[in-house]
Amino acid sequence: MAGADADDDALLVLTAVLLTPARFPSVLGDDYVAACGALALEPYEEGYGLVLGQDGGGARWTVVVEDVSLVAVAIAAWDCGMEYDLSPDERSVVCALPGWPLALAVAAPGVPAPHDPRTDGVGPAPLTPPDTESWGPAQRRLGADEIAERWAVWREQIDDAEFVRVDGESSESGESGGAGEAGADGEAGAGHAPGGPGAAEAPAASGDGDSATDGGAEPGAAASGQHPGVRRALSEALAYTNTPPPPGRIRSVFASADARILRVDGPGWSMVARTDDIALILLDEEPGEVLPVGRGPALPGLLEALDALAPHPA
């Protein structure tokens, strides 16, 4: 780890992300165990830090370190617009993996443009970010991350009057908290998920680096029925409250003094929700679509139960 005057073996640090049960790049998997598996790491409870940078020849590298606290301090400083020289001790280095799992818009000065290192077939293949022109589990999770980062932007695009009631009737305009019951809901107009097919362009989100796509809120026409994928996602999320899922499948971050933003994933689906509001669901079988679920009488209890299962780091 070094500055811009480093030799070819030193890493010119560009950014870093955490890989812990509470916070990890969703592109790597639905939960912490899967994310560690994608990097051939043991899912230790303490987690890891991932330091992304270039060597002196411009090659991309992801260095895995055990010093999670140091990486967390660096991320917090950068998020506040402060400079921080992230230089983990070599004794904390677990391994160096070729490539980056995330797309970065920055590059180290004074070295060749970022490129994958030559491995000559030895060791793991270089890590690569997902293709934003296609849709699949990685893009679905990235889209959900983007919505979680910009909850207010997405929420203001959704008209509560368009939610479908359990009886199939739309709530009337001006009625607050409209619509559906968790587990048996219809959904409101389907918007385009960020980064997926049909996504509108918007400025890139800032954050801890796990959201590598652009996107914008673009609600469509109100749906007329109850999507089976939404029902499946809600049913599986409810099952988590009886049989807790692997660590990281449910994540919770601060939203306000009285609310949290939840990120919940499952096979083929992702949920973003605010505990005092509605839920938004993305499905593998609905490329680029965002399916809102009305608050109703059952959703608040489900969100509260899911939040209780999520780690709440200090």
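Since the structure is predicted, the reported quantities are computational estimates derived from the model, not experimental observations.

**A closer look at the nonpolar core**
Right, on to step 1. Membership of the largest hydrophobic core comes to 21 residues, with the highest contact counts inside it found for Leu234, Val264, Trp269, Met271, Ile281 and Leu306.
Right, on to step 2. Breaking this core down by element, the ones donating at least two residues are α5 (228–240), β7 (259–266), β8 (269–274), β9 (279–283), β10 (289–293) and α6 (299–309).
Right, on to step 3. With 5 residues, the single largest contributor to this core is α5.
Right, on to step 4. Dropping the residues within four chain positions of it, Leu306 is found in contact with Ala237, Tyr240, Thr241, Ile250, Leu262, Val264 and Met271.
Right, on to step 5. Membership of the second largest hydrophobic core comes to 20 residues, among which are Leu19, Ala35, Leu39 and Leu50.

**Description of the environment of Ile261**
Right, on to step 1. Take Ile261: it is sitting in strand β7.
Right, on to step 2. Here the alpha-carbon distance between Ile261 and Asp276, two residues 15 residues apart in the chain, equals 9.1 Å.
Right, on to step 3. Not counting residues within four places of it along the chain, the set of residues in contact with Ile261 comprises Ala148, Trp151, Arg251, Ser252, Val253, Ala255, Val272, Ala273 and Arg274.

**So, the pairing of β9**
Right, on to step 1. Across the 5 residues of β9, 5 count as buried, placing the element largely inside the fold.
Right, on to step 2. Along β9, one buried face is formed by Ala279, Ile281 and Leu283 and the opposite face, lined by Leu280 and Leu282, is buried too.
Right, on to step 3. Where β8 lies against β9, 5 bridges are found, and the strand directions are antiparallel. Residue pairing for β9: Ala273 is matched across the bridge by Ala279.

**What to know about the confidence of the model for the chain**
Right, on to step 1. Across the chain, pLDDT averages 81, with 76% of residues at or above 70.
Right, on to step 2. Under a pLDDT of 50 for its full length, residues 164–189 has, in the predicted model, 80 contacts with residues more than four places off or in other chains.

**Comments concerning the packing of α5 against α6**
Right, on to step 1. Contact pair α5 / α6: the axes reach a minimum separation of 9 Å and the direction vectors enclose 50 degrees. Compared by their axis directions, α5 and α6 come out oblique. Seen from above, α5 lies across α6 with left-handed handedness. Together, Leu234, Ala237, Leu238 and Tyr240 of α5 and Leu302, Leu306 and Leu309 of α6 make up the contact between the two elements.
Right, on to step 2. Grouping the amino acids of the contact of α5 with α6 by side-chain chemistry returns 7 nonpolar, no polar and no charged.

**What to know about unusual backbone geometry**
Right, on to step 1. Look at Ala40: it is not a glycine, yet its phi comes out positive at around 60 degrees.
Right, on to step 2. Checked against the element boundaries, Ala40 lands in the loop between α1 (32–38) and β2 (48–54).
Right, on to step 3. On the basis of relative accessible area, Ala40 is assigned to the exposed category, the value being 72%.

Thresholds, definitions, all that
Residues numbered from 1 in each chain as written. Predicted model: local features only at pLDDT ≥ 70, side-chain atom pairs only at ≥ 80, totals over all residues. Heavy atoms only, no water. Core = buried A, V, L, I, M, F, W, Y, C linked by side-chain atoms within 4.5 Å. Buried < 20%, exposed > 50% of the residue type's maximum accessible area, 1.4 Å probe, protein only. Helix = DSSP H or I, 4+ residues; strand = E, 2+ residues; numbered from the N terminus. Contact = heavy atoms within 4.5 Å. Pairing = 2+ DSSP bridges. pLDDT = per-residue confidence, 0-100. Axes fitted to C-alpha atoms, helices over the stretch in contact; angles between N-to-C directions. Parallel < 35°, antiparallel > 145°, perpendicular 65-115°, else oblique. Left-handed = near helix turned anticlockwise from the far one by under 90°. Nonpolar A, V, L, I, M, F, W, Y, C, P; charged D, E, K, R; others polar.

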